[in-house]
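Reading the structure
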Amino acid sequence: MLIQGGRILDPASGRDEVADLRIEAGCVAEIGALTPRDGESVVSATGLIVTPGLIDLCVHLREPGFEAVETIRTGAEAALAGGFTAIAAMPDTDPPVDTEATVAFCRLKGEEAGAARVHPVGALTQGRRGEQLSEMGGMARAGAVAFSDEDLAVARSEVFLRALRYAGMHGRPVLTRCEDPGLRGSGVVSGGLIADLLALPAVAPGTEEIMLGRNLYFARQLGAPLHLLHLSTAESIRQVRAAKQDGVSITCSVTPHHLLFTEESIRSYESVYKYRPPLRPEADREALVAALIDGTIDAVSSDHSPVGEEEKNVEFIFATPGTGGLETTFAVLHTRLVEQGDLPLLRLIELLSTAPAQILGVPGGSLEVGAPADISCFDLQREWRVEPRYFRSRSHVTPFAQWEVRGRACHVWVGGDLRWHDYKAVR
Amino acid sequence: MNVAANEEPWSRRHLLDIQSLSRGEIEQLFTTARSFREVSTRSVKKVPALRGRVVVNLFHEPSTRTRISFTLAAQRLSADVVDFAGDTSSVKKGESLLDTAQNIIAMGVDTIVLRHPAAGAAQYLAERVGVTVVNAGDGAHAHPTQGLLDLFTVLDHCQSVDGKRVAIVGDVAHSRVARSDMWAFLRFGAKVTLVGPPTLVPQSFRELGVEICHSLDEVLPDVDVLVLLRIQKERQGQGLFPSLEEYARLFGMNEDRLNRMKERAVVLHPGPMNRGIEVTPEVADGERSLILDQVTNGLAVRMAALYLTAGGAA
């Protein structure tokens, strides 16, 4: 298979040139000025960019337990439509993914879907209760790429410390959000004037930073690979930057919604903007964008969180936080931060592919010869309007509905297999 | 009802909060309320202003005085009034607010008077239904008729609050009355001070030009209008203040404190009162208390709110 005439953008090597790319045996075979061989199928990429397939290191696929809002199949298909070749599925299902069998279930369902690769993330503690360590050995054997209690930061510090040590034995990273449960309380919005005027309960100041401080301390002591999810404040970024300068082995990621919206969006109680962590003031948003560019933030994750319409279209305080994101992440970030902002295109690709691959330790994120052919082609000029009813995801909840955006995945290969062609799934 | 020639006609279909009302709109509502107040003094306490219209009190929270006040207000305007006591225990689990409202509307209702524990519920409903919504309290967010009747009562007493010092004392953080009073008095040029422990007073309100003070005794000599808020006993259980006794000692209004206020200063309380905690009987029943005037005026203000949001026409 030959991908002909595309602009090859590979953050792993810094390559940015128009060239042809040959796929053989599921891997990148050669890049250069290539002539099609007899009988070789050719996909034209003229006018397109050719990048390592995007990888989302934190998505929620809701299966088993909540199949009405998403399944592993629909999530993996939504990923493909968004240009993602791999996604890491969080364990917050019912039952949670905290055993070898549930990890295997998730992996098999992902393989059956035949869309983006689905990498299971196992729970850090049994039942995600933050008490007993989960059987990480069995889960690692079944294919868990990382461990996380995701939406629940492990509250008991001694348990988290043990979990970090134990996960390290299996060579798997730990992903965690930073949220002190007591300080968060019943808070649903960021503290400040807007929260007070709306009379909505606010997360206390320090909810994120105090837990982040604990996590940074452990990462510093253990040298274990720790990834911090969904950071949202300027102070968090400052702490991470300082820790990285000290050589602490941590990485962190942010969501598109925290990069593009502020708490101003909730002034009329719009529950589509209700997230965990909550949206923050403009100064925080600006700090996140700056940290994307300067490298303090390693990756972007959509935190794809399918939510049912009836869970979202209710009074703000009762609404389920979260939003889908796999089908919009590339387009909204390309439009707002690259075209209308200062984020270099190659850096965006790095944040969405090379970095998450390295953080998770999974294949992909590179177009070097010999790398698995997980490849996406985007048409950056393609203008489209976000119409949630056309989503592959079962959830149509998104803050980007009706946005006019530019940039869309045209073709996607997973392991050399063309699964998305000409804006459509290949059957 | 005639409006003064230089005023824009009332154009709001809903009454959701005070923050969005202009001073002119509030004045117009007060003019209407004054003309309706006279109705309550007649032997036949009724005008045909809203005859044929249907008003539903949709209350998802226990309330006696606000509900009765709205009921009487609607009845004095000759509207048909129905009470719908929504689920007060588990609003989330039962029928959704929107479904409840749409069921009621399908029966041919013109105005929904909504009391609901979720902040923003009135706005949520107003954006989704085709009938008038009058907010009778949404969580700790807004209780616009209370804010209006408090301002109305004070203006009755002293004509103008421009430059006057209004202190709102107590659990501002959890009070829709405080938020509504704050906007009402600010709109009319008063200087507002919020008084209470830091755990119960949002510091961010300083950004609105409001002063915050943690000592009642310090502000008393400057105060013209003192609004006391009901302290909810469950806040103690949440650890927001140590005990009711200490609260009463620091922020309770008593005769000794009353004597340290200006001679013409007045005291308001939205009710229901915790006598002996935020206010002693001597203050509540004393001659500087406007508490029962508030209740009486509430009726006229709610008549005006129902009348104007209905389009001001029978």
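The structure we're discussing is the one just above.
Just so you know, these numbers come straight off a predicted model, no measurement behind them.

A few points about the overall build of chain B
When helices and strands are tallied, chain B shows 12 helices and nine strands. Compactness check: chain B gives a C-alpha radius of gyration of 19 Å against a globular reference of 20 Å for 314 residues, within 12% of the reference. Contacts in chain B between residues far apart in sequence, at least 24 positions, make up 76% of those at least 6 positions apart.

Digging into the overall build of chain A
Counting its regular elements, chain A contains 13 helices and 19 strands. Computed over the C-alpha atoms, the radius of gyration of chain A is 21 Å, within 12% of the 22 Å expected from 2.2 N^0.38 for a compact globule of 427 residues. Taking the principal axes of the C-alpha coordinates as reference, chain A spans close to 65 × 45 × 45 Å. When each of the 427 residues of chain A is scored for burial, the buried share is 59%. For chain A, long-range pairs separated by at least 24 residues make up 74% of all intrachain contacts whose partners lie at least 6 apart in sequence.

Thoughts on the environment of Tyr269 of chain A
In this structure, Tyr269 of chain A sits in the loop between α9 (256–260) and α10 (282–294). Along the backbone, Tyr269 of chain A and Ile317 of chain A are 48 residues apart, and their C-alpha atoms lie at a distance of 8.8 Å. Apart from residues lying up to four places away in sequence, Tyr269 of chain A is in contact with Leu198 and Phe316 of chain A together with Gly120, Gln123 and Tyr124 of chain B.

Focus: helix α12 (residues 291–309) of chain B
Residue and element names in this part refer to chain B. Helix length check: α12 (19 residues) gives 27 Å between terminal C-alpha atoms against 27 Å at 1.5 Å per residue, within 8%. Along its length, α12 reaches its greatest deviation from straightness, about 25°, at Asn297. Across the 19 residues of α12, 14 count as buried, placing the element largely inside the fold. Gly311 sits one or two positions beyond α12 and adopts a positive phi of about 100°.

Remarks on the nonpolar core
All names here are of chain B. By size, the foremost hydrophobic cluster in this structure holds 234 residues, and its most contacted members are Ile168 and Leu306. Top contributing element to this core by residue count: α12, with 10 residues. In this structure Ile168 touches Ala178, Asp181, Met182, Val192, Leu194, Val195, Val227 and Leu229, once residues within four positions along its chain are discounted.

What about the interface of chain B and chain A?
Each side of the interface is counted separately: chain B has 18 residues, and chain A has 13 residues. Among the secondary structure elements, those contributing two or more residues to the side of chain B that touches chain A are α4 (121–126) and α6 (176–187) of chain B. It is α4 of chain B that contributes the most residues to the side of chain B that touches chain A, three residues altogether. Of the residues contributing to the side of chain B that touches chain A, the split by class is eight nonpolar, six polar and four charged.

Quick notes on the packing of helix α7 (residues 207–222) of chain A against helix α8 (residues 234–245) of chain A
Residues and elements named next belong to chain A. Running from N to C, α7 and α8 cross one another at 10°; their axes reach a closest spacing of 10 Å. Between α7 and α8, the interaxial angle falls into the category roughly parallel. Side by side, α7 and α8 meet where Glu208, Glu209, Leu212, Gly213, Leu216 and Arg220 of the first sit next to Glu235, Ser236, Gln239 and Ala243 of the second. When grouped by side-chain class, the residues that make up the contact of α7 with α8 number three nonpolar, three polar and four charged.

Thoughts on the sheet that holds strand β3 (residues 111–116) of chain B
Residues and elements named next belong to chain B. Strand order in this open sheet of four strands is β2-β1-β3-β4, and the pairing throughout is parallel. Each of the sheet's edge strands pairs with one partner strand only, and the pair in question is β2 (80–85) and β4 (132–138). Sheet twist, expressed as the average angle between the axes of neighbouring strands with direction ignored, equals 15°. Lying on the sheet, helix α3 (residues 97–106) is in contact with β1 (54–59), β2 and β3; it crosses β1 at an angle near 155°.

Focus: the pairing of strand β18 (residues 417–421) of chain A
Residue and element names in this part refer to chain A. Two strands pair when backbone bridges link them, and strand β17 (residues 404–414) and β18 are joined in this way by three bridges, in the antiparallel orientation. Its bridge partner being in β18, Val412 is matched across the sheet by Trp420. If you look at the hairpin formed by β17 and β18, you'll find two residues sitting between the two strands, and Gly415 has a positive phi there, around 55°. For β18 and strand β19 (residues 424–425), the ladder comprises two bridges, and the chain directions are antiparallel. By the bridge assignment for β19, His421 is matched with Lys424. Two successive antiparallel strands, β18 and β19, enclose a turn made up of two residues, where Asp422 displays a positive phi of approximately 55°.

What about the packing of helix α4 (residues 157–169) of chain A against α7 of chain A?
Residues and elements named next belong to chain A. Between α4 and α7, whose axes approach to 11 Å, the crossing angle comes to 40°. In terms of their interaxial angle, α4 and α7 are classed as oblique. The element α4 and its partner α7 pack so that their crossing is right-handed. Contacts between α4 and α7 involve Ser157, Phe160, Leu161, Leu164, Arg165 and Gly168 on the former and, on the latter, Arg214, Phe218 and Leu222. Residue composition of the contact of α4 with α7, by class: five nonpolar, two polar and two charged.

A look at the environment of Ala33 of chain B
Residue and element names in this part refer to chain B. You can see Ala33 is positioned in helix α1 (residues 23–37). Take Ala33: there are 23 C-beta atoms within 10 Å of it, and that puts it in the buried class. A C-alpha to C-alpha distance of 8.2 Å links Ala33 and Asn297, two positions 264 residues apart in sequence. Beyond its immediate chain neighbours, meaning those up to four positions away, Ala33 contacts Phe152, Ala300, Val301, Met303 and Ala304.

Some thoughts on the sheet that holds strand β7 (residues 211–213) of chain B
Residue and element names in this part refer to chain B. Ordered by their spatial adjacency, five strands build an open sheet running β7-β6-β5-β8-β9, and the pairing between neighbours is parallel. Each edge of the open sheet is held by one strand with a lone partner, namely β7 and β9 (266–268). In this sheet, adjacent strand axes meet at a mean angle of 20° when their direction is disregarded. Note: strand β8 (residues 225–228) against β9, three bridges, orientation parallel.

A look at α10 of chain A
All names here are of chain A. Given a rise of 1.5 Å per residue, 13 residues ought to cover 18 Å, and the 18 Å separating the end C-alpha atoms of α10 matches this to within 8%. Within the sequence span of α10, burial applies to Asp284, Arg285, Ala287, Leu288, Val289, Ala291 and Leu292. In this structure, the buried side of α10 is in contact with α8, β14 (250–254), α9, α12 (329–339) and α13 (345–360). Just downstream of α10, Gly295 is the residue with a positive phi angle, here 95°.

Considerations on the pairing of strand β3 (residues 27–32) of chain A
Of the pairings in the sheet, the one linking strand β2 (residues 15–24) of chain A to β3 of chain A comprises five bridges and is antiparallel in character. Opposite Glu24 of chain A, over in β3 of chain A, you have Cys27 of chain A as the bridge partner.

Conventions used here
Residues numbered from 1 in each chain as written. Chains lettered and ligands numbered in written order. Predicted model: local features only at pLDDT ≥ 70, side-chain atom pairs only at ≥ 80, totals over all residues. Helix = DSSP H or I, 4+ residues; strand = E, 2+ residues; numbered from the N terminus. Rg over C-alpha atoms; globule rule 2.2 N^0.38 Å. Contact = placed C-beta atoms within 7 Å. Buried ≥ 20, exposed ≤ 12 C-beta atoms within 10 Å, placed from the backbone. Expected span 1.5 Å × (residues − 1). Bend = angle between axes of the 7 residues up to and from the residue. Core = buried A, V, L, I, M, F, W, Y, C linked by C-beta atoms within 7 Å. Nonpolar A, V, L, I, M, F, W, Y, C, P; charged D, E, K, R; others polar. Axes fitted to C-alpha atoms, helices over the stretch in contact; angles between N-to-C directions. Parallel < 35°, antiparallel > 145°, perpendicular 65-115°, else oblique. Pairing = 2+ DSSP bridges. Left-handed = near helix turned anticlockwise from the far one by under 90°.

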